[in-house]
Amino acid sequence: MKDRGADRGRRGGRAGGADRLDRAGLELLRAIALRAETARRLVGESGEAVLRAIVDATVALFQAEAASIALHDPATDRLVFRVAAGAQGAGVVGLSVGSSEGLVGYVYTTGQSIAQSDVQRDARFGRSIAEQTRYTPRSLIAVPLVDEQRTIGVLEILDKRDSTSFSIRDIELAGIFAHQAAVAISASRIERDVGSLLGATVRSLVAQAEDAGGPLPDAAAVERLVASAAIGLGADDEFRLWELVEQVARVRSADPAQLDLVIDLLNVLALHAERRHPRRTRAGG
Amino acid sequence: MDPVLPAWSEPFVRERRAALARLPPLDQITREWAWDGADGSGVTVAILDSGVEGDHPAVGGRLVASYRVEPAAEPEAEPVVLEEEAAVDVVGHGTACAGIIHAIAPAADLVSIRVLGPENRGRGTVFAAGLDFAIERRYPIVNLSLSSKSEALYGAFHDLADRAYFAGMLLVCAANNLPGASYPSLFSSVVSVAAHDVADPWTFFHNPAPPVEFGAYGLDVPIAWRDGTSIAASGNSFAAPHIAGIAALIRSRHPSVRPFELKAILAATATPLPLAGRA
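### Brief notes about the sheet that holds strand β6 (residues 170–174) of chain B
Residues and elements named next belong to chain B.
- The nine strands lie next to each other as β3-β2-β4-β1-β5-β6-β7-β9-β8, forming an open sheet whose pairing is mixed. What marks the edges here is a single partner per strand, and that holds for β3 (80–83) and β8 (204–206). In this sheet, adjacent strand axes meet at a mean angle of 25° when their direction is disregarded.
- Across four bridges, strand β1 (residues 44–49) lies against strand β5 (residues 141–144) in parallel orientation. The residue bridging Val-45 from the neighbouring strand is Ile-141, located in β5.
- Packed onto the sheet, helix α3 (residues 124–137) meets β1, β2 (63–70), β3, β4 (109–114), β5 and β6 and runs at close to 140° relative to β2.

Right, dumping it as structure tokens:
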């Protein structure tokens, strides 16, 4: 992961401090990073679940044939459809379009909401997507997903079942749904930033030690810092979830066959839990 | 406005007061008085958007200049405003706005300042630099069918909106459809516009409850699009240029009106309610 702290920090030139920590210090940092990544994956999954819930609700409320969310992938500069709902929605997940291409690209590029009633008349709009999904809508709404800084993706709603077009109120309502999605996405991005924070902390520790002319921080110093930062974590009602995370982290040392078995077991348990408690998402919660 | 000496009372002294005479009372202001016979001549409308396709039939050859704002190359540097070699629109949004304004004020000159596009999508700093450029040039009407949600730029946009107001310019802003604040569309000195669903470009409503004080045609509007085409689309983006066009007519007929007077004339000439025979 590219560390943004290095770009911004006054001490960017001294990056690489982690190489100079002792072995025990490095192992400790790896352990922290592993837990952060585990937590990210757990929370990241629930982030995706929120997006799915949003498109499900969108389809139900608008009585639409489909709703989908496309997010911008900076690596490829494309908008990738991440989740979709509705009778005509499923085919779009995983597809992508250029960031300025079609209606989705238009909304992403301008950051402005738009609705269109006679989509088929303008053959260029979303044609590549329509060809891939074999579904050409009559009408659609597309609204940008905007976080505090910029546009990060687009929420699209296709074809109201009981009407040939969307109303002005529909566009405003779509904006509220898009806002919810943007909030969910930026929450999961915060999790991802844990890695960058860790890197920035290490560099800051190393730089402070250098400024003070003293030795580099040892494992005990890092541990004290991390322990003080982690006070209170795990003491709340998420405790059982953290326990699960610990177990998942331990299973990493298992051989591939054992891992497969654990994954199968968890799959069966998850299916069972979903059937018995369809609304519960927390382990043991 | 460059007050070197703080002589704020000077305009109000007896021998200078005659110059303060302004508009007739609001109830005497009619559409006939406001813009009858006006076609936008002598008024330039700047369009901060995705560019304007100069040869699009809907623009009627009124595009007189095109600029683009390039994002800063270095983090500390400022965005740069450059003259475009060719009048292009990268997505169609700006041409749509230009077409609506031209249909209402056919003799108004149009200037395109491109701040939207693949290379600077939604960058508030680029938008702010484009607005700063428009204010330096003192274009009397500026259409902003876009806004910024950046809290960091709140102060910068507030300052720009004040400068535009003091320079006698009217900023016509599309209200944002998304929850939360966006600038400069929520500032008091601008005209903030949302869409209504009456299919008539001359029907516009005044809303006495700010911040969005005007409603204009914005549902299934026939709009000019990229590559000389046209489509029908909906959004506040297409409501704002209707008000910008009407403001250009008023300004063309009454060149000395200040922004607050222009807003008052718009309120006085708004479509009366209830609207007979319409939804």
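### Let's talk about the nonpolar core
Residue and element names in this part refer to chain B.
- Of all hydrophobic cores here, the largest spans 42 residues; its most connected members are Ile-141, Val-172, Val-193, Phe-204 and Ile-243.
- If you list the elements that add at least two residues to this core, you get α1 (31–35), β1, α2 (93–104), β6, β7 (191–196), β9 (214–217), α5 (236–253) and α6 (259–268).
- With nine residues, the top contributor of residues to this core is α5.
- Look past the residues within four positions of Ile-141 in its chain and what remains in contact with it is Val-43, Thr-44, Val-45, Ala-46, Leu-170, Val-172, Ala-244, Ala-247, Ala-248, Arg-251 and Leu-262.
- Judged by nonpolar contacts, the second largest core, of 33 residues, contains Ala-65, Val-111, Leu-131 and Ala-167.

### What about the interface of chain A and chain B?
- Listed by partner, the interface residues are 31 residues for chain A and 32 residues for chain B.
- Summing both sides of the interface, chain A and chain B together bury roughly 2500 Å²; the carbon and sulfur share of this comes to 56%.
- Across the chain A-chain B interface, the total number found is zero salt bridges.
- Linking chain A with chain B are two residue pairs in polar contact (both at pLDDT 80 or more).
- Listing elements by their share of the side of chain A that touches chain B, those giving two or more residues are α3 (102–110), β4 (114–116), β5 (140–146) and α5 (168–192) of chain A.
- The dominant element in the side of chain A that touches chain B, judged by the number of residues it contributes, is α5 of chain A, at seven residues.
- For the side of chain A that touches chain B, the class distribution of residues is 12 nonpolar, 13 polar and six charged.
- Summarising the sheet, β4 of chain A and strand β11 (residues 230–234) of chain B pair through two bridges and their orientation is antiparallel.

Here is what the cut-offs are and how they apply
Residues numbered from 1 in each chain as written. Chains lettered and ligands numbered in written order. Predicted model: local features only at pLDDT ≥ 70, side-chain atom pairs only at ≥ 80, totals over all residues. Heavy atoms only, no water. Pairing = 2+ DSSP bridges. Helix = DSSP H or I, 4+ residues; strand = E, 2+ residues; numbered from the N terminus. Axes fitted to C-alpha atoms, helices over the stretch in contact; angles between N-to-C directions. Contact = heavy atoms within 4.5 Å. Core = buried A, V, L, I, M, F, W, Y, C linked by side-chain atoms within 4.5 Å. Buried < 20%, exposed > 50% of the residue type's maximum accessible area, 1.4 Å probe, protein only. Buried area = accessible area lost by both parts, 1.4 Å probe. Salt bridge = Lys/Arg side-chain N within 4 Å of Asp/Glu carboxyl O. Polar contact = N/O pair within 3.5 Å; in protein donor to acceptor, adjacent residues only side chain to side chain. Nonpolar A, V, L, I, M, F, W, Y, C, P; charged D, E, K, R; others polar.

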